[in-house]
Amino acid sequence: MKVRTLCMSVSRKRVNMISGIQIALKNAIDVIAPPATPLQDFTYHWKQLMNFYVSHLTDCKVPVQNTSIPRHLDILLDILLQEEKEENEPGPCLEYLLQHKLLDLLATLANAETPPGMRTICLSFLRKFLGRSKYPLLHHASIYAPIQRLVALCNGNPPSPIETEEVQFLLTICFVVCKYPHITNIIYDAVVQTVKSSIKKDNERTEIQRVTYVPTRKRNNSNLLFEPLNTQAVTLINPNIFDKEHRKLLRSNHVFKTIASDPGHLSRRSNESVSSREESVSSSPLAQKSVCDSPSLDVKNEQWGDKNGDYSENKIDEHLQNLRDLRLDTDCNLYDNANYVTGDNQSLKSLKIPEKSKCLLLDALMSYLNSADNTVRIRACEGIMVLASLDDTSFAQTVARSKLPSIVSTRLENLFNSIPAHVDHLDVYNVDVTWGLDSPLWTQEKKFPGCRQVAAFFMWYDYCDQLIREAQMELAETLARTIRVMFFERIVTPALADHHVVLITTLVAKCLKETTSSILCTEMSYWLVGQNRDPEIPNVWTSPVLHRLIENCFTDSNDLVVETLKLFEEAIDKRNEHILHCLLLIYLSTRAYYDNTAADSAIASWSDEEDEREKEKKGSLDLSYEQNHSRTLAPSNIHRVINCFLSMIPYYLQTDSDVNNYEKYIPAWEQQYTSVLSDCGLMAWPLEAVMVDDSASSDSRPEADHCSGRFYMGPFLSMLFDKISNMPKQTYEINLEITGLISRLALLPHPYLHEFLLNPLLPLIPGTKSLFLCLQKVIKQLVNEIPKSPENKMILKETRQRLLSYCSQEEKKENILYECAVVTEEFCKDLAAIAYVKYHHSI
C-alpha cells in the first residue's frame, strides 16, 4: 500500500513537471512567434488562394470544388465578419481588402471561369459578404467596379446553368441598395470606367489592381509561423506589363514586390500612358468577343521558362497575350463609350456603339423574367420590385425609360394568348393565385383543362399590379399606361368582338376584381369608359370598349350577357370616380330629370322639408344653410318610400306571406353600406340634390326645355332600364345579375343617383324612364300572364322554394315568368332595405 502511494506521488510530480514544461514552452513560443493576428490570417489565406494560380499556369481545368479555393474564401469571409463583430469601425482586414482591391481579381477570375466553377464561388462569396456586412460598402470604388462587372456577367439570355446563384447575387445587391438609399445614385451608372481625353493624343487611364508574387520572400520577423512561399511570380492584371520596358523589369525581377514584407505595395496605381497601338489591341471588339465567348482561360501548354528563369521573347509574348485576357477591363460591355476612342483610332471612331441602359442591375434582372425555373423568375421579380420602389426620382425616370414597361406588358400579352380557347369561363373564378408563391397545388375539384395557363396569366397580372402599387409614382404611371395601351387596347379590345368573347370578358372581369393598385385601376377605367369626361350624345359613341360591352348585353348569348353584367358589377365595386362619373354621374348631376314645374302636391309627396326648400329657394343652393347630414338620403317620409317598393307586388303574386320580411336583409346591406361610405369618403360628392342653376328656372325657359328629349340618362343606365323592363323574357341568371347590379348602384351615397333610383315619389319630366316605372311595367306583365295558368299560386311557391334551396340541375324546371316574379319580389325588398339603411345612416 505504501509502495502504491509512493508511485502515485511520483507520477503526480512527473505530470506537474511535464505540464510546467509545456506551459514554459508555450510561453516561449508565444514570445518568439506570437499568435497570428486577424490581418495576418487574412493575408495568409489570400496568398494560399492565389498560390493555386501560380501552380496551375498551364492547367486551369481543375474544377473549383476540387481545389482549396472555396475553403480559403470561406475563411476570408469568416475573418471579415468576425472583425465586424469585434470592431465598432472598419478593421484592418476590411481596409486591406478595400485598399488593395482584392475583389477586382476575384471578378476577373469569375469572368474567365478559372478554374471552372469559379464564377459561382465568387458570386456566393460576394453575396454573403455584402449581405451580412453592417457597413454600406457598395459605394467604394474598389467594390463598386468589380460588382458592376459581375452584374454585367449575369445574363439569363441565353439561359445560364448557374442562374440560381446569379439571380441570388443580383437580389442581394438590390437589398443592399434598398438598405442604404444614399447609395442609390451609383447603381445606374454605366459599367465603363474611363476618363476624359487629355490634350495629348494618348489617353490617360487609371490602371486596375496589380497583384504579384515573388520567387523569394523575406522572413517576417514578427511571426515565424508565416514562412515565405516559394512560388513563381505572376502579374495577372497590369496593362503596362506588355511594354518592352516592363519585360526587362520582369526578367530582372524588379517588378516583383513581397506581399508579406510590404503589403502596402501589393497594389500600385500607375499613370503612365499606353501606346496607341496597344490601346487599339486591348480595346479591339474582336479581342473582347474572344474573351467574352470563352468559358475558361485559353492557356498554352507551355512552360513559362527554364529552370534558370530565362524567357524567350516569342514565348513571353504568347503568354502575355494569354494573361491579357485576364485583365479586369476586358469585358463585353467595357468599351461602349465613344468618348474613350482616341483621335488617331479611326477604326473605333467609325463603330456605332449601341445605346446601353444606364442600369445594368435592372437589365440583368429583366433577363431572367423568362427563365424556365419558377424560383429564378420570382427572385428576379423581387429584385425588380425593390429597384422600382426606391425613393429616387431620377432613378425612377431611368427605369421608366428602360425596357421594363414593354417587357412586363409583352409577357402579360404572351401569357394571355397562351390560354386555351376551350377553357370554361366559369372555371376562371376558381383560380386564386399570387405571384410570390409557387404554382398552386390543384386538387381534383379545382383542376380543369387549361388551369395552368390561366393561373400563370393571373400570377403575372398580380405581379404587375403589385409592382405598380410599390413603384415610385412616375414609374408606376408609366407601367400602368403601357399595360393599358399595349395589352388592353391592342390585345383585349379586338378580342371583345371575336367568337371567344365570353371567356375574354370573364378574364377581364377577374382582372378588374384582382386589381388593387389605384394607378392601374385608373388606367383600366380609361380603357373601359374612355378618358373623355363629357357626356355621351345619344347614338354617338366615343368609347369603343363601352360601346362594345353594351352591345354585348343585347346579344342572344345568355352567357355573354351575364359575364358582361358581371364585368360592369366589378367596375362599380372598384369605386373608381372616373368610372362612376362617365357611366352615371355626368348625366344625373345636372338634375335634368327633375320636374320643378310640377304641382305643389307632387313636390310635397316627395319630402316635406324638400318641399319647403323648393318653395323658398326655387332650387337654388343656399351656402349659408349648414348641415352635417343629407336630407335627400334621409327624407322625413321614408315610410312612404319603403311602402312604395313593398306594395308593388299584388298580394296574389307574393310568394312570401310576411310583407315586412325585408327587414332580414337590412343587416347585410348595413355592412355593405358601411364599406361603401368608407370607399367613397374622399369623393367630392354633393350633400343634397338641388337645382344649382336658378337662372334656368321655369319662368325664363321655354316649355320645350322640359320635354323628354332634354334629359339623357346615358347609355349605361338606358341599357340597365331596358334589361329591367325585359325581365319577364330573360333567364333567371340574367335577371339576378341585373338586379344585383342596380342594387349596388342604389347603395352609392350620391344624392342625385339616390333620388333617381330610390325615390318613387320624385316628380320627373314627362317621358323620363325611372327604375320604379320600369318595375311597374314588369309587374303589369306578370299580372296579365301568371293568373292565366292554373294552380299559379302553387307554382309560385314551388318556384321560390326551388330557387332559394339551390336544387340540382336535374330537379331544375325553368319557368321564366314565375322566376321573374320571385326575383322581382326579392328585388323590391332589397330596394326597401337599402333605402332604410341609407336613411338610418343619414339622420
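The shown structure was predicted, so the numbers you read here are calculated from the model rather than taken from an experiment.

Focus on the overall build of the chain
Consideration 1: If you tally the helices and strands in the chain, you get 34 helices and zero strands.
Consideration 2: Considering the chain as a whole, with its 843 residues, one finds that 52% of them fall into the buried category.
Consideration 3: Look at the contacts in the chain between residues 6 or more apart in sequence, and 79% of them connect residues 24 or more apart.
Consideration 4: Carbon and sulfur atoms provide 52% of the accessible area of the chain, an area that totals close to 40900 Å².

Considering the packing of helix 2 (residues 38–55) against helix 5 (residues 102–112)
Consideration 1: Where helix 2 contacts helix 5, the axes come no closer than 13 Å and their chain directions differ by 30°. One element, helix 2, and the other, helix 5, form an angle in the roughly parallel class. The element helix 2 and its partner helix 5 pack so that their crossing is left-handed. Facing Phe-42, Trp-46, Met-50 and Tyr-53 of helix 2, the residues of helix 5 in contact are Leu-102, Leu-105, Leu-106 and Leu-109.
Consideration 2: Class assignment of the residues belonging to the contact of helix 2 with helix 5 gives a composition of eight nonpolar, no polar and no charged.

What about the pattern of salt bridges?
Consideration 1: Within the structure shown, the criterion is met by 19 salt bridges.
Consideration 2: The partner of Glu-563 in a salt bridge is Lys-566, with the nearest N and O atoms 3.8 Å apart. Remark: Lys-566 and Glu-563 occur in helix 23 (residues 558–573); sequence separation between them is three residues, near one turn of the helix.
Consideration 3: As a salt-bridge pair, Asp-722 and Lys-769 come within 2.8 Å of each other at their nearest N and O atoms. Remark: Lys-769 occurs in the loop between helix 31 (751–758) and helix 32 (771–785) and Asp-722 occurs in helix 29 (residues 714–725); sequence separation between them is 47 residues.
Consideration 4: When salt bridges that share partners are traced, they join Glu-569, Asp-573, Arg-575, Asp-679 and Arg-744 into one network.

A few points about the side chain of Thr-564
Consideration 1: Mapped onto the elements of the fold, Thr-564 is located in helix 23.
Consideration 2: The class for Thr-564 is buried, based on a relative accessible area of 0%.
Consideration 3: Setting aside residues no more than four positions away along its own chain, Thr-564 makes contact with Thr-505, Leu-549, Asn-552 and Cys-553.

Quick notes on unusual backbone geometry
Consideration 1: Here Thr-114 and Pro-115 are connected by a cis peptide whose omega angle stands at -5°.
Consideration 2: Topologically, Pro-115 is positioned in the loop between helix 5 and helix 6 (118–132).
Consideration 3: Going from Asn-157 to Pro-158, the amide bond is cis rather than trans, its omega being 0°.
Consideration 4: Positive phi, normally seen in glycine, also occurs at Lys-101, with a value near 55°.
Consideration 5: Relative to the helices and strands, Lys-101 is located in the loop between helix 4 (92–100) and helix 5.
Consideration 6: Lys-101 sits in the buried class, given a relative accessible area of 16%.
Consideration 7: Positive phi values are uncommon outside glycine, yet Glu-791 reaches one of about 55°.
Consideration 8: In this structure, Glu-791 sits in the loop between helix 32 and helix 33 (792–805).

Observations concerning the state of the cysteines
Consideration 1: The final tally for this structure, using the stated rule, is zero disulfides.
Consideration 2: In this structure Cys-174 is a free cysteine whose sulfur lies 8.0 Å from that of Cys-359, the closest cysteine sulfur available.

A short note on the packing of aromatic side chains
Consideration 1: Across all of its chains, the model carries 20 aromatic pairs by this definition.
Consideration 2: Pairwise contacts between aromatic rings join Phe-416, Phe-457, Phe-458, Tyr-461, Phe-487, Phe-488 and Trp-527 into one cluster.
Consideration 3: Above the plane of the ring of Trp-460 lies Arg-411, whose end atom (NZ or CZ) is 4.9 Å from the centre.
Consideration 4: When the ring centre of Tyr-651 is taken as origin, the NZ or CZ atom of Lys-793, which lies over that ring, is 5.5 Å away.

Notes on the environment of Val-151
Consideration 1: Residue position: Val-151 is located in helix 7 (residues 141–153).
Consideration 2: Residues Val-151 and Val-167, 16 residues apart in the sequence, show an inter-C-alpha distance of 9.6 Å.
Consideration 3: Look past the residues within four positions of Val-151 in its chain and what remains in contact with it is Phe-169, Leu-170, Leu-360, Leu-361 and Ala-364.

A word on a negative patch on the surface
Consideration 1: A cluster of like negative charges, contributed by Glu-86, Glu-87, Glu-89 and Glu-95, occupies part of the molecular surface.
Consideration 2: Position of Glu-87 relative to the elements: it lies in the loop between helix 3 (69–86) and helix 4.
Consideration 3: Taking the relative accessible area as the measure of exposure, Glu-87 reaches 34% and is therefore partly exposed.

Remarks on the environment of Ile-384
Consideration 1: Positionally, Ile-384 belongs in helix 15 (residues 374–388).
Consideration 2: The class of Ile-384 is buried, set by a relative accessible area of 1%.
Consideration 3: The spacing of Ile-384 and Ala-364 is 20 residues in sequence and 9.8 Å in space, taken between C-alpha atoms.
Consideration 4: Setting aside anything within four residues of it in sequence, one finds Ile-384 in contact with Leu-362, Leu-365, Met-366, Leu-369, Leu-404, Tyr-463 and Leu-467.

Side note on helix 3
Consideration 1: Over its 18 residues, helix 3 runs 26 Å from end to end, which matches the ideal 26 Å to within 8%, given 1.5 Å per residue.
Consideration 2: Along helix 3, the residues that are buried comprise Ile-69, Pro-70, His-72, Leu-73, Leu-76, Leu-77, Ile-79, Leu-80, Leu-81, Glu-83 and Glu-84.
Consideration 3: Residues of helix 3 that are buried make contact with helix 2, helix 4, helix 5 and helix 6.

Here's the deal with the nonpolar core
Consideration 1: One finds Leu-138 and Phe-169 to be the most contacted residues of the largest nonpolar core, which totals 220 residues.
Consideration 2: In terms of residues, this core owes the most to one element, helix 34 (residues 816–842), which gives 13 residues.

Comments concerning the side chain of Asn-576
Consideration 1: Along the chain, the position of Asn-576 falls in the loop between helix 23 and helix 24 (577–588).
Consideration 2: Looking at Asn-576, its side chain comes within polar contact range of the main-chain nitrogen of Ile-579, at 3.1 Å.
Consideration 3: Dropping the residues within four chain positions of it, Asn-576 is found in contact with Cys-521, Thr-522, Ser-525 and Met-683.

With respect to the environment of Ile-407
Consideration 1: Tracing the backbone through its elements, the reader meets Ile-407 in helix 17 (residues 404–417).
Consideration 2: Spatially, the C-alpha atom of Ile-407 lies 9.9 Å from that of Thr-482, the residues being 75 residues apart in sequence.
Consideration 3: The contact partners of Ile-407, leaving out residues within four places of it in the chain, are Met-366 and Leu-369.

Some remarks on the confidence of the model for the chain
Consideration 1: Predicted confidence across the chain gives a mean pLDDT of 75, with 67% of residues reaching 70 or more.
Consideration 2: Residue range residues 190–356 is modelled with pLDDT below 50. Its contacts to residues more than four positions away, or to other chains, number 258 contacts.
Consideration 3: Taken together, the stretch residues 603–609 has pLDDT below 50 and engages in 22 contacts with residues farther than four places along the chain or on a different chain.

Calculation rules
- Residues numbered from 1 in each chain as written.
- Predicted model: local features only at pLDDT ≥ 70, side-chain atom pairs only at ≥ 80, totals over all residues.
- Heavy atoms only, no water.
- Helix = DSSP H or I, 4+ residues; strand = E, 2+ residues; numbered from the N terminus.
- Buried < 20%, exposed > 50% of the residue type's maximum accessible area, 1.4 Å probe, protein only.
- Contact = heavy atoms within 4.5 Å.
- Areas by Shrake-Rupley, 256 points an atom, 1.4 Å probe, with all protein chains shown as cover.
- Axes fitted to C-alpha atoms, helices over the stretch in contact; angles between N-to-C directions.
- Parallel < 35°, antiparallel > 145°, perpendicular 65-115°, else oblique.
- Left-handed = near helix turned anticlockwise from the far one by under 90°.
- Nonpolar A, V, L, I, M, F, W, Y, C, P; charged D, E, K, R; others polar.
- Salt bridge = Lys/Arg side-chain N within 4 Å of Asp/Glu carboxyl O.
- Disulfide = S-S within 2.5 Å.
- Phe/Tyr/Trp six-rings, centres within 6.5 Å; stacked < 30°, edge-to-face > 60°.
- Lys NZ or Arg CZ within 6 Å of the ring centre and 35° of its normal.
- Patch = residues over 30% accessible without salt bridge, like charges linked within 9 Å, V, L, I, M, F, W, Y side chains within 5 Å.
- Lys, Arg positive; Asp, Glu negative; His and termini not counted.
- Charge placed at Lys NZ, Arg CZ, Asp CG, Glu CD.
- Expected span 1.5 Å × (residues − 1).
- Core = buried A, V, L, I, M, F, W, Y, C linked by side-chain atoms within 4.5 Å.
- Polar contact = N/O pair within 3.5 Å; in protein donor to acceptor, adjacent residues only side chain to side chain.
- pLDDT = per-residue confidence, 0-100.

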